[in-house]
Amino acid sequence: MSETKSKLVHTFGALAELGQEVVNRSDFYETMRTSLHLMLGSLAIMRGGVARFERFEHSMQMVAARALGDEFPLALSLCHEDERQFLVNGLVPIEVSQAQVLPFIQVYDNSLSRLQIELIVPLVIRDEMVGIVFLGEKATGEPYSSYDRDIISAMGRHIGGAITQRNMLADLERQADENRKLFDNLKTTYRDTVRAFAAAIDCKDRYTEGHSVRVGKYSEIIAQELGWGDEQVEGAAVAGHLHDVGKLTVERKIINAPYRINAKESAELNRHPAVGYEILLPIHHPYADVPLAAKYHHERLDGRGYPDGLYDRNIPYIAKVVNLADSFDAMTTDRPYKRRRDPSEVFDDLQRNCGKQFAPEIVNAFFRGMLKELTGESKEKRFRRLLGREYMEAEGLIPNLKNALNGMSPTSPLTFINSD
Ligand SMILES: [Fe+2]
Ligand SMILES: [Fe+2]
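Criteria and cut-off values
- Residues numbered from 1 in each chain as written.
- Chains lettered and ligands numbered in written order.
- Predicted model: local features only at pLDDT ≥ 70, side-chain atom pairs only at ≥ 80, totals over all residues.
- Heavy atoms only, no water.
- Helix = DSSP H or I, 4+ residues; strand = E, 2+ residues; numbered from the N terminus.
- Rg over C-alpha atoms; globule rule 2.2 N^0.38 Å.
- Buried < 20%, exposed > 50% of the residue type's maximum accessible area, 1.4 Å probe, protein only.
- Contact = heavy atoms within 4.5 Å.
- Areas by Shrake-Rupley, 256 points an atom, 1.4 Å probe, with all protein chains shown as cover.
- Lys, Arg positive; Asp, Glu negative; His and termini not counted.
- Charge placed at Lys NZ, Arg CZ, Asp CG, Glu CD.
- Donors = N, O, S within 2.8 Å, 3.2 Å for Na, K, Ca; no water.
- Tetrahedral: all angles 85-135°; square planar, octahedral: opposite > 155°, others 65-115°.
- Pairing = 2+ DSSP bridges.
- Axes fitted to C-alpha atoms, helices over the stretch in contact; angles between N-to-C directions.
- Core = buried A, V, L, I, M, F, W, Y, C linked by side-chain atoms within 4.5 Å.
- Polar contact = N/O pair within 3.5 Å; in protein donor to acceptor, adjacent residues only side chain to side chain.
- Salt bridge = Lys/Arg side-chain N within 4 Å of Asp/Glu carboxyl O.

Q: Looking at this structure, I do not really get the overall build of the protein chain. What am I missing?
A: In terms of regular secondary structure, the protein chain is built from 18 helices and six strands. Scaling as 2.2 N^0.38, a compact globule of 420 residues should have a C-alpha radius of gyration of about 22 Å, whereas the protein chain reaches 37 Å, well beyond that. Based on the C-alpha atoms only, the size of the protein chain along its principal axes is roughly 105 × 45 × 45 Å. Out of the 420 residues in the protein chain, the part that is buried amounts to 48%. Taking contacts inside the protein chain between residues at least 6 apart in sequence as the whole, the part at least 24 apart equals 63%. When the accessible area of the protein chain is evaluated, it comes to approximately 21,800 Å², of which 51% is carbon and sulfur surface. Of the charged side chains in the protein chain, 52 are positive and 60 negative, and the gap between their average positions amounts to 7 Å.

Have a look at this one:
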């Protein structure tokens, strides 16, 4: 009686250890190895192995083995009949010598008998086949008792549980991976659509070809220089690309007028921020403020902009970024009634209008970005591509920019506040 008792204590100790092992270990293969050793050790079994069922390949892959030698197959294929029989059998150990009808035993009979594999235990968890345990003879040479078989089944349940857990985790990872890919695809599609829209807007205005695309790029550079995160930088680029989307509804002859347009035409053209807002608002953008950038990109800090004449702190920040990008592009490209302005003139204008039209820290960030490229601190040639080599090599550009930066306060003085 006391022998049975100590045997029980010993076995339950091993079982508890196995349970802990399965719960604690994060390395699946290590868990399998330790579990197998615990099972073999607690019942004094000479050799054995654990295989995991790979559903897609319909095969058993060995994940842990002890004393099976090099010749035991690493992958064992399983036919549907085997799977069916194993599922019916459940977690009960099968005597190899009594199961010669199974195709699996017939195919691997050589390997099994050479290593004296006496039992195989199908790991069936919640009616699903997840693996097999192979067990050799006992060290004592005695046959397996029914007590041994019960212990083997209990331990098999733990091992099978660990495999199920691992499978679920792998499924989750696969799913997360697929979701990530889907999301990336969606983002690419969105980005492509935005770029296509920008090209469509630019098509309408033959004098300012590529304007929206350039404003998108300048906005992106400013956002980067302001130290924004990747998502916000992309948001700024999108806002820049779409800022003039409202122009799609303005008559082509007004947009393309080769003369200064009259008041009526001007009023029609000036509707484009509000129209752009209406177009963009119902769209679910991954970035906030895209519609606001369209609506307020012609506002000025001093309240003299349109459509609402907002003052400094009431203007959404993104609209201030796009405003600078937009104005800079207008100054540096040829228009029907005036040619692009020289760099020194443009920088004077931007500085002069700091705090009136433009937020000083945004102008500051823009100058910094340009200077970095001119001094070679940044290897990217974005300004050069947007403005042309000649423009970027204009005399005195670097000292001009340095002077401008030295004379500027890096933060907005917030000179103007809303009067209402
Ligand atoms: Fe505009
Ligand atoms: Fe514009």
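Still more ground to cover, so stick around.
Q: Teacher, can you tell me more about the coordination of the iron ion (ligand 1) here?
A: Each angle at a metal carrying four tetrahedral donors should ideally be 109.5 degrees, and each at a metal carrying six octahedral donors should ideally be 90 or 180 degrees. The protein atoms donating to the iron ion (ligand 1) are D244 (OD), H272 (NE2), H297 (NE2) and H298 (NE2), with metal-donor distances spanning 2.2 to 2.3 Å. Here the iron ion (ligand 1) binds four donor atoms, and the angle range of 83 to 173° at the metal identifies the geometry as irregular. All donors of the iron ion (ligand 1) belong to a single chain; written as a sequence motif, their spacing is D-x27-H-x24-H-H. Separating the iron ion (ligand 1) from the iron ion (ligand 2) is a gap of 3.5 Å, which D244 spans by donating to each of them.

Q: Would you mind going over the sheet that holds strand β6 (residues 128-135) with me for this structure?
A: The pairing of strands in a sheet comes from backbone hydrogen bonds and takes either a parallel or an antiparallel form. What the six strands build is an open sheet, ordered β3-β2-β1-β6-β5-β4; its pairing is antiparallel. Among the strands making up the open sheet, the edge pair consists of β3 (75-77) and β4 (94-95). Against the sheet, helix α2 (residues 28-42) makes contact with β1 (48-54), β2 (59-66) and β6, and its axis sits at roughly 60° relative to β2, the strand it touches most.

Q: How should the nonpolar core be read in this particular structure?
A: General note: in soluble globular proteins, nonpolar side chains tend to be found buried as a group. Ranked by internal contacts, the top residues of the largest apolar core, which has 45 residues, are F328, L350, F367 and M370. Beyond its immediate sequence surroundings of up to four residues, M370 is in contact with F328, F347, F383, L387, M392 and L401.

Q: I tried to follow the coordination of the iron ion (ligand 2) on my own but got confused; where do I start?
A: Of the protein atoms, only H211 (NE2), H243 (NE2), D244 (OD) and D326 (OD) coordinate the iron ion (ligand 2), at distances of 2.2 to 2.3 Å. Bound by four donor atoms, the iron ion (ligand 2) shows angles of 75 to 170° at the metal and therefore irregular coordination geometry. Ordering the donors of the iron ion (ligand 2) by residue number gives the pattern H-x31-H-D-x81-D. Residue H211 is classed as buried on the basis of its relative accessible area of 5%. You can call D244 buried: its relative accessible area is 2%.

Q: Looking at this structure, how should I read the side chain of R47?
A: With respect to the secondary-structure elements, R47 resides in the loop between α2 and β1. A distance of 3.1 Å separates a polar side-chain atom of R47 from the backbone oxygen of L115. Look past the residues within four positions of R47 in its chain and what remains in contact with it is L40, R66, A67, L68, L115, Q116, F134, L135, G136 and E137.

Q: What am I meant to see in the pattern of salt bridges here?
A: Pairing is possible between side chains that carry opposite charge, provided their charged atoms lie close to one another. A complete count under the given rule lists 29 salt bridges for this structure. Among the ionic contacts, a cluster of salt bridges with common partners joins R341, E345, D349 and R352.

Q: What is the right way to look at the pairing of β2 in this model?
A: On a regular strand, one side chain projects to one face of the sheet and the next to the other, so that they alternate. As defined by bridge partners, β1 adjoins β2 across seven bridges and the pair is classed as antiparallel. Note on β2: the bridge partner recorded for E54 is S59. Linking β1 to β2, which pair antiparallel, is a turn of four residues; within it H58 sits at a positive phi near 50°. Bridge count for β2 against β3 is three bridges, and the pairing is antiparallel. Pairing of M60 across the sheet is with L76, part of β3.

Q: So what exactly am I meant to see when it comes to unusual backbone geometry here?
A: Keep in mind that most residues, glycine aside, have a negative phi and that most peptide bonds are trans. Residue P307 follows Y306 across a cis peptide bond; omega there is 10°. One non-glycine residue, A67, lies in positive phi territory at about 55°. Along the chain, A67 turns up in the loop between β2 and β3. For R126, which is not a glycine, the phi torsion comes out positive at approximately 45°. Position of R126 relative to the elements: it lies in the loop between β5 (119-125) and β6.

Q: For this particular structure, what's the right way to read the pairing of β6?
A: For β6, the buried fraction is high: seven of the eight residues fall into the buried class. With five bridges connecting them, β1 and β6 associate as antiparallel partners. Within β6, the residue paired with R52 across the bridge is G131. Both β5 and β6 contribute to a ladder of seven bridges, which runs antiparallel. Its bridge partner lying in β6, I120 is registered against F134. Linkage of β5 to β6, two consecutive antiparallel strands, is achieved through a turn of two residues, within which R126 is found at a positive phi near 45°.

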